[in-house]
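Given next are the chains, with one letter for each unit.
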2 protein chains.
Amino acid sequence: MTSQHIFLNGAILPAEQALISPLDIGLLRGYAVFDLLRTVNGRPFLLAEHLKRLRSSAELLGLSVPYSDIQIAEAIGELLVLNCHAEATVRMVLTGGPSADGMHFDPATPTFYILTHELKPPAASLYVTGAKLITKRHLREIPEAKTTNYLTMLRHRDETLAEDALDLLYHDGEYIAEAATASFYVVSNGVVKAPHSDVLWGTVGALVLELAAENHEVVLGAVTLEDAFGAQEAFLTSTTRGVLPIVQLDGRLIGDGTVGPVTRELMAAWERVLLGE
Amino acid sequence: MTSQHIFLNGAILPAEQALISPLDIGLLRGYAVFDLLRTVNGRPFLLAEHLKRLRSSAELLGLSVPYSDIQIAEAIGELLVLNCHAEATVRMVLTGGPSADGMHFDPATPTFYILTHELKPPAASLYVTGAKLITKRHLREIPEAKTTNYLTMLRHRDETLAEDALDLLYHDGEYIAEAATASFYVVSNGVVKAPHSDVLWGTVGALVLELAAENHEVVLGAVTLEDAFGAQEAFLTSTTRGVLPIVQLDGRLIGDGTVGPVTRELMAAWERVLLGE
């Protein structure tokens, strides 16, 4: 269920009263960033990391989040009480604000809003069978920023669904970058390999790589398409999905097409993080 | 001056009542297209061409404009009466509509709105001295669609202004595509050359090329960066600027850095089109 209350530019409003100008440059020019976090036991999880990433995304667009971390934490706290989710995702959106001419906007009047939704994790069976991705030649325009531009992902949704795939895996023709909505990693000969350029910093991914480094070699660097197709294991990480095994790319099996031991180990390790163990 | 009245989803409303949901996928995911036309003597100019392009952009995103050409023409006519501009630009925006989860949207409930603004042509002196562009390695994500994604243009606005440049000229490292907000053409040895791939179809550009073809050879095809820097003349075309001479690229003069004879001829020819001669 969607937010019944929304935080918009300093006020918490009933959803039907929280409305945006059609002159907003986030609409007219797609000039906007966002971030998405989840709750664990009803409380925002990795809030500091998500706020850090949101501010970093904003800075890359010359924007500035107009509230302190504490103000945002308080707003999220109030929304979670009002909106009554079992567990929630919390979406924070920042745009350049209204623009009279569709070109200029005033940095002093950004649009900032927070929505909450009921958390919808993927089907539990996907963690048992593993999921499929399809590769797509595309790099996001400002990969280090979480902008609202998802043209390529949405335009290929029908194709993605038709292939029974979970997401697109972006690459530049030679090197893997990231999935449209997740970080992507491969395991080869016991080494966990993480693409390191043209990717968004993953809040979950960063922690999972730390967990992986306790028992395995972890290499941050170039990962080719060939590495990905030839890997023994692959998995993605994201806020809503944690560690999710990937067993097929473009219909080709990764390894033997089952969830491998390193992925299994990291799924379990991530569950322990969520349980606060 | 900005629209005092806005057409939104079938109704003409005072601007302060024409508001958009923060759940609109045009905001959450930048999933939107638009088109912009101008009036001549208070009447929409090239309306059929702009509507054709809008529908084509929409189709490339799997969207559909929810009104007929006649309904849109009527809405624009009413807005122009209510909003009282000397001459206007008319902006039509189409998004996928509201999305409860930021991923799915219902093709039956798009968001479509029309804004009008007072037409603001560039400074008249630019047509005498010519303008500057700076080159930027970038191709738009779906070049044939006029999407709302202007991340690269807006992110480089300060740099553009610091260089006293009018706009960015996009290229892929070897071939010229288009300016961020205009079509771009070069003239070499009397031949008018028009980049033909990775570009938006230009409503003004197409007509200007027809005018050019009356007296000159016109070649639609690959135009390299080298062609552009080595051209005798260059110009851009756009709805609000008509034919505008370009005399510098990245601070290097094109030809002798003055407005050349072919550009001058096309500027005059375009003026005659606007005057209905």
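Residues numbered from 1 in each chain as written. Chains lettered and ligands numbered in written order. Predicted model: local features only at pLDDT ≥ 70, side-chain atom pairs only at ≥ 80, totals over all residues. Heavy atoms only, no water.

Novice: Would you explain the overall build of chain A in this entry?
Specialist: Along chain A, the regular secondary structure elements total 9 helices and 15 strands. Taking 2.2 N^0.38 as the reference for a compact globule, 277 residues should give roughly 19 Å; the C-alpha atoms of chain A span a radius of gyration of 19 Å, in line with that estimate. For chain A, with 277 residues in total, the buried portion stands at 58%. The contacts of chain A with a sequence gap of at least 6 include a subset with a gap of at least 24, amounting to 70%. For chain A, the exposed surface amounts to about 11400 Å²; the carbon and sulfur share of it is 53%. Counting 20 positive and 34 negative side-chain charges, chain A places the centres of these two groups 3 Å from one another. (Helix = DSSP H or I, 4+ residues; strand = E, 2+ residues; numbered from the N terminus. Rg over C-alpha atoms; globule rule 2.2 N^0.38 Å. Buried < 20%, exposed > 50% of the residue type's maximum accessible area, 1.4 Å probe, protein only. Contact = heavy atoms within 4.5 Å. Areas by Shrake-Rupley, 256 points an atom, 1.4 Å probe, with all protein chains shown as cover. Lys, Arg positive; Asp, Glu negative; His and termini not counted. Charge placed at Lys NZ, Arg CZ, Asp CG, Glu CD.)

Novice: Got a minute to help me understand the nonpolar core in this structure?
Specialist: Here is a general trend for soluble globular proteins: nonpolar side chains tend to be buried in one another's company. The biggest cluster of nonpolar side chains holds 94 residues, and the ones touching the most others in it are F112 and I114 of chain A together with F112 and I114 of chain B. Beyond its immediate chain neighbours, meaning those up to four positions away, F112 of chain A contacts F7, L8, N9, L54, V65, P66, Y67, I72, M92, V93 and L94 of chain A. (Core = buried A, V, L, I, M, F, W, Y, C linked by side-chain atoms within 4.5 Å.)

Novice: Got a minute to help me understand the interface of chain B and chain A in this structure?
Specialist: Where interface size is quoted, it is often the accessible area lost as the parts come together. Contacts between chain B and chain A engage 44 residues on the former and 44 residues on the latter. Buried area between chain B and chain A, both sides added, is near 4100 Å², and the carbon and sulfur share of it is 63%. When the buried surface of chain B facing chain A is broken down by residue, L27, R29 and L151 of chain B rank first, second and third, together holding 18% of it. Secondary-structure elements contributing two or more residues to the side of chain B that touches chain A are helix 1 (25-28), strand 5 (88-95), strand 6 (111-118) and helix 5 (151-155) of chain B. Here the side of chain B that touches chain A is composed, by residue class, of 23 nonpolar, 14 polar and 7 charged. (Buried area = accessible area lost by both parts, 1.4 Å probe. Nonpolar A, V, L, I, M, F, W, Y, C, P; charged D, E, K, R; others polar.)

Novice: Please explain the relation of the copies chain B and chain A as it appears in this structure.
Specialist: Each of the two copies of the chain can be brought onto the other by a rotation about an axis and a shift along it. Expressed as a screw transformation, the operator carrying chain B onto chain A has a rotation angle of 180° and an axial translation of 0.0 Å, and the superposed copies differ by an RMSD of 0.0 Å. Such a combination of rotation and displacement between the chain copies is what one expects of a two-fold axis. Taken as a fraction of all interface residues of chain B, those also at the interface in chain A reach 100%, which identifies the copy contact as same-surface. (Least-squares fit on C-alpha atoms with pLDDT ≥ 70 in both.)

Novice: Whenever I open this one, the packing of helix 2 (residues 47-60) of chain B against helix 3 (residues 69-83) of chain B confuses me. Can you help?
Specialist: The relative placement of two packed helices comes down to the angle between their axes together with the axis-to-axis distance. All names here are of chain B. Following both chains from N to C, one finds helix 2 and helix 3 inclined at 120°, their axes separated by 11 Å at the closest point. For the element pair helix 2 / helix 3, the angle class is oblique. Here helix 2 and helix 3 pass one another in a crossing that is right-handed. Seen from helix 2, the contacting residues are L47, L51 and R55; seen from helix 3, they are D69, I72, A73 and I76. The residue makeup of the contact of helix 2 with helix 3, split by class, is 5 nonpolar, no polar and 2 charged. (Axes fitted to C-alpha atoms, helices over the stretch in contact; angles between N-to-C directions. Parallel < 35°, antiparallel > 145°, perpendicular 65-115°, else oblique. Left-handed = near helix turned anticlockwise from the far one by under 90°.)

Novice: I'm lost on the sheet that holds strand 3 (residues 32-40) of chain B in this one. Help?
Specialist: The strands that make up a sheet pair up through hydrogen bonds in the backbone, lying either parallel or antiparallel. Residue and element names in this part refer to chain B. In spatial order, the strands read 2-1-6-5-3-4; together these 6 strands make up an open sheet with antiparallel pairing. Here the strands that pair on one side only, and so sit at the sheet edges, are strand 2 (11-14) and strand 4 (43-44). Pairing of strand 3 with strand 5, which is carried by 7 bridges, proceeds in the antiparallel orientation. Looking at strand 5, one finds that L36 is bridged to R91. Against the sheet, helix 2 contacts strand 3, strand 4, strand 5 and strand 6, and its axis sits at roughly 175° relative to strand 3. (Pairing = 2+ DSSP bridges.)

Novice: Help me out: how do you make sense of the environment of T39 of chain A in this one?
Specialist: Residue and element names in this part refer to chain A. Mapped onto the elements, T39 comes out in strand 3 (residues 32-40). Separated by 163 residues in the primary sequence, T39 and G202 have C-alpha atoms spaced 17 Å apart. Only 2.5 Å separates the side chain of T39 from the side chain of E87, close enough to count as a polar contact. (Polar contact = N/O pair within 3.5 Å; in protein donor to acceptor, adjacent residues only side chain to side chain.)

Novice: What should I look at first to understand the packing of aromatic side chains in this one?
Specialist: For any two aromatic rings, the description comes down to two numbers: the centre-to-centre distance and the angle of the planes. Evaluated as defined, the whole model comprises 14 aromatic pairs over all chains. Each ring, one from F7 of chain A and one from Y67 of chain A, has its centre 5.4 Å from the other, and the planes form 80°; the classification is edge-to-face. On the criterion of sequence distance, the pair formed by F7 of chain A in strand 1 (residues 5-8) and Y67 of chain A in the loop between helix 2 (47-60) and helix 3 (69-83) is long-range, its members being 60 residues apart. Just as F7 of chain A is buried, Y67 of chain A falls in that class too. Among the aromatic residues, those joined into a cluster by ring pairs are F7, Y67 and F112 of chain A. Of note, R29 of chain B hangs over the ring of Y150 of chain A, and the distance from its end group to the ring centre comes to 4.2 Å. The ring of F229 of chain B has R252 of chain B sitting right over it, with the charged end atom 4.1 Å from the ring centre. (Phe/Tyr/Trp six-rings, centres within 6.5 Å; stacked < 30°, edge-to-face > 60°. Lys NZ or Arg CZ within 6 Å of the ring centre and 35° of its normal.)

Novice: Help me out: how do you make sense of the side chain of T263 of chain B in this one?
Specialist: Residues and elements named next belong to chain B. Mapping T263 onto the fold places it in helix 9 (residues 261-274). For T263, a relative accessible area of 1% gives the class buried. Those residues within four positions of T263 in sequence are excluded, and the remaining contacts are E233, A234, F235, V243 and P245.

These figures come from the coordinates and say nothing about function on their own.
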